[in-house]
Amino acid sequence: MTWIIVIIVGLILLKALSVYLELPTCPECKSKKAEVVSKEEIKREPMYFKEKQRIKEYKNTSEKKQYFDWQTKVSTNKYVNAPQKVIEKEVLVEGERIYYDVTYKCSKCGKKFHRKEHTDKKPTIISE
């Protein structure tokens, strides 16, 4: 039990360290305390991202004649009938990468510096 706690605390500390290392560093005084002054978009380019898509196959219950609408709803309800097969496949999804020129101002020495950053915009994949 204590090993699980140690592993979880270690993972949390690694995540906190990676977030700290991604912060912008002042080239003058090497301080990590900087605030955004301005953010200017440089360019946009299309990107393809690999996403996992889950496809659930249910047993075909429509062979029987269903006289009421509630029978169809019950036969396709994912909480009542479990899927027979779940297929996971990787799909290429077209998104967009946006590049920015971000200007920071150091809180310690007051010097302004630039850094190029990007953000990714992906469409959401709807899966059951």
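Here the structure is a predicted model, which means the values were calculated and not measured.

Caption draft 1: Spotlight on the overall build of the chain. Along the chain, the regular secondary structure elements total 2 helices and 3 strands. Listing each helix as α and each strand as β along the chain from the N terminus yields α-β-α-β-β. Excluding contacts between residues fewer than 6 apart, the proportion of contacts in the chain whose partners are at least 24 apart in sequence is 73%. Of the accessible surface of the chain, which amounts to about 10800 Å², a share of 56% is contributed by carbon and sulfur atoms.

Caption draft 2: Focus on the packing of aromatic side chains. Overall, the coordinates contain 1 aromatic pair when judged by the stated rule. Ring centres of Tyr104 and Phe113 lie 5.6 Å apart, and the angle between their planes is 20 degrees; this geometry places the pair in the stacked category. The exposure classification of Tyr104 matches that of Phe113, with both residues buried. Taking the ring centre of Tyr100 as reference, the NZ or CZ of Lys39 above it sits at 4.6 Å.

Caption draft 3: Seen up close, unusual backbone geometry. Even without a glycine there, the phi angle at Lys30 is positive, about 60 degrees. Relative to the assigned elements, Lys30 resides in the loop between α1 (2–22) and β1 (34–57).

Caption draft 4: Structural context of the pattern of salt bridges. All told, the structure shown has 7 salt bridges when counted by the stated rule. Salt-bridge contacts for Lys43 lead to Glu45; the nearest nitrogen and oxygen are separated by 4.0 Å. A residue is classified by how much of its surface remains accessible, and Glu45, at 25% relative accessible area, is partly exposed. Residues Glu96 and Arg44 are paired through a salt bridge, measuring 3.0 Å at the closest nitrogen-oxygen approach. One end of the pair, Glu96, is in strand β2 (residues 85–106); the other, Arg44, is in strand β1, and 52 residues separate them in sequence. A relative accessible area of 42% places Arg44 in the partly exposed class. One network of salt bridges, in which partners are shared, links Glu41, Arg44 and Glu96.

Rules used throughout
Residues numbered from 1 in each chain as written. Predicted model: local features only at pLDDT ≥ 70, side-chain atom pairs only at ≥ 80, totals over all residues. Heavy atoms only, no water. Helix = DSSP H or I, 4+ residues; strand = E, 2+ residues; numbered from the N terminus. Contact = heavy atoms within 4.5 Å. Areas by Shrake-Rupley, 256 points an atom, 1.4 Å probe, with all protein chains shown as cover. Phe/Tyr/Trp six-rings, centres within 6.5 Å; stacked < 30°, edge-to-face > 60°. Buried < 20%, exposed > 50% of the residue type's maximum accessible area, 1.4 Å probe, protein only. Lys NZ or Arg CZ within 6 Å of the ring centre and 35° of its normal. Salt bridge = Lys/Arg side-chain N within 4 Å of Asp/Glu carboxyl O.

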